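# Structural characterization, general
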Amino acid sequence: MLKIFLEKAVKTVLSLFICSSPLFLTGCWDRVELNDLGLVLATGLDKTEDEQIEVSVQLAVPEAMGGEATASGQGGAGKTITVEKAIGKTIFEALSRLQARFSRRIFWGHNQVIIIGEDLAESEVQKHIDFFARFPKARLKSYIFVTSGKAIDVLKAIPDVDRSSAEVARELANFRIGMAVTVKDFLEELSGEANAVGLPWIEVKKESFSKGLQVNGTAILKDGKMIGYIDDKLTRGLLWLRNEMESSTVTVQPEGYHDQISFYLLHSYTKLIPKMENGKWKMIVKIVTEDDAVENETNLNLTNPVITKKLEKELEKTIETRIKMTLEVVQKKMGADILGFAEAFHRHYPDEWEKVKDQWDKKFPEIEVEIKNNAYIRRSGVSTSSKVVSKEEVFKK
């Protein structure tokens, strides 16, 4: 009897415990419905005439994202993308004012890009980007761009294919067409030895019936402020020097020919080798590239090893010319070490570096740069030459 009584008592206690346990669960007390959120896709920063900051945000409406955005912000499922702005003495003050009059909770977890207007970039950038590093809801992986006009104009641009200009800017950064710099990269470079950084330059490309975005050059910043701009051609040389060249087409015109041959970059590697000889500072830039011939307008037979060697020299000459043009502007005229020279000398010659680090702005333009460039043509394509010339002409070369 005692055994039966104990079994019933245990079952009763367990039943009471199971039934009462839900009362102690916390539940989703801080749950926020997706339909109550405004997802930030991009942020724009501009300077106002009275020296305040205008913050614009490109917001997505979650339940309507299945629709196609149009110039009026209306799609098949309702309004999908909207751009809102507010002004304040600081970014957070402006955002607080924006949230106060926006019906949805602003969510920063999807912020993909930050666009900085040229006027703001020329006055001060670092202190504003510092907000995105301190604010816990922002993303350190957001890409940063500088634009020639107002940042809000980039956010309002309606692309032809993508859902928003934020997606276009993000993909342009991922394609490595120009420089690709995140918030984390920006802060690390500005806190480095040279205190300089380059940011991709993005523009709104206006056409007859549509608007698009394009990356066209690089903004050069020093001590947290923009000091100049280099175009797309000079940016190519910058990417070679920084070992960031991932996609490139190099077109050469062989000596004695009016037509060209285009090569597509397969692989590239750049190494900076600092040297000190008799107190003279020198940087050796060693570059190795591998390319494919993708278009041949000449009657040169690209399967001929002798011709291939000559074309490799032409490639090396073209790449070296681009790099020297970049050095002339960035190193000699601007004196902005966005090339990584300071870090290279610091690693290899720490004692000598300590003596000149406070005068690096003067030392950097004086450094001699030697370029050792080796280009290799790996494949010449399926055909031997252009189809516009005869087989006999090809093999005479």
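Above this note sits the structure.
Residues numbered from 1 in each chain as written. Predicted model: local features only at pLDDT ≥ 70, side-chain atom pairs only at ≥ 80, totals over all residues. Heavy atoms only, no water.

## Observations concerning the overall build of the protein chain
Along the protein chain, the regular secondary structure elements total 13 helices and 15 strands. Among the 397 residues that make up the protein chain, the fraction classed as buried is 45%. For the protein chain, long-range pairs separated by at least 24 residues make up 68% of all intrachain contacts whose partners lie at least 6 apart in sequence. (Helix = DSSP H or I, 4+ residues; strand = E, 2+ residues; numbered from the N terminus. Buried < 20%, exposed > 50% of the residue type's maximum accessible area, 1.4 Å probe, protein only. Contact = heavy atoms within 4.5 Å.)

## Quick word on helix 4 (residues 126-134)
Those residues of helix 4 that fall on the buried side of the exposure criterion are His128, Ile129, Phe131 and Phe132. Burial along helix 4 is one-sided: seen end-on, the buried residues are contained in an arc of 135°. Along helix 4, exposed side chains directed more than 90 degrees from the buried face belong to Lys127 and Arg134. (Arc of directions from axis to C-beta.)

## Overview of the pattern of salt bridges
For the structure on display, the rule yields 18 salt bridges. A salt bridge links lysine 324 to glutamate 320; the shortest N-O distance between them is 3.0 Å. Of this pair, lysine 324 and glutamate 320 are both found in helix 9 (residues 305-334), four residues apart, which corresponds to roughly one turn of the helix. Residue classification places glutamate 320 among the partly exposed positions, given a relative accessible area of 25%. Each of Glu54, Lys85 and Lys150 takes part in salt bridges that share partners, so that together they form one network. (Salt bridge = Lys/Arg side-chain N within 4 Å of Asp/Glu carboxyl O.)

## A short note on helix 10 (residues 341-348)
Within helix 10, the full set of buried residues consists of Phe341, Ala342, Ala344 and Phe345. On an axial view of helix 10, the arc spanned by its buried residues comes to 165°, and they lie on one face.

## What about unusual backbone geometry?
Of note in the backbone geometry, arginine 176 takes a positive phi value of approximately 60° without being a glycine. Of note, arginine 176 is situated in the loop between helix 6 (165-174) and helix 7 (183-190). Owing to a relative accessible area of 28%, arginine 176 belongs among the partly exposed residues under this scheme. You will see that aspartate 223, though not glycine, has its phi angle at about 55°, which is positive. Examined against the element boundaries, aspartate 223 turns out to sit in the loop between strand 10 (211-222) and strand 11 (225-230). For aspartate 223, a relative accessible area of 45% translates into the label partly exposed.

## Focus on the packing of aromatic side chains
If you walk through the whole model with that rule in mind, you get 14 aromatic pairs. With centroids separated by 6.4 Å and ring planes inclined at 65°, the aromatic side chains of tryptophan 108 and phenylalanine 132 adopt a geometry described as edge-to-face. Residue tryptophan 108 is located in the loop between strand 6 (105-107) and strand 7 (113-117), and its partner phenylalanine 132 is located in helix 4; the two are separated by 24 residues in the primary sequence. Neither tryptophan 108 nor phenylalanine 132 differs from the other in exposure class; each is buried. Judged by centre distance (5.2 Å) and plane angle (80°), the ring pair of phenylalanine 131 and phenylalanine 132 falls under edge-to-face. The pair phenylalanine 131 / phenylalanine 132 is uniform in exposure class, with both members buried. Taken together, the ring pairs in this structure connect Trp281, Phe341, Phe345, Tyr349, Trp353, Trp360 and Phe364 into an aromatic cluster. (Phe/Tyr/Trp six-rings, centres within 6.5 Å; stacked < 30°, edge-to-face > 60°.)

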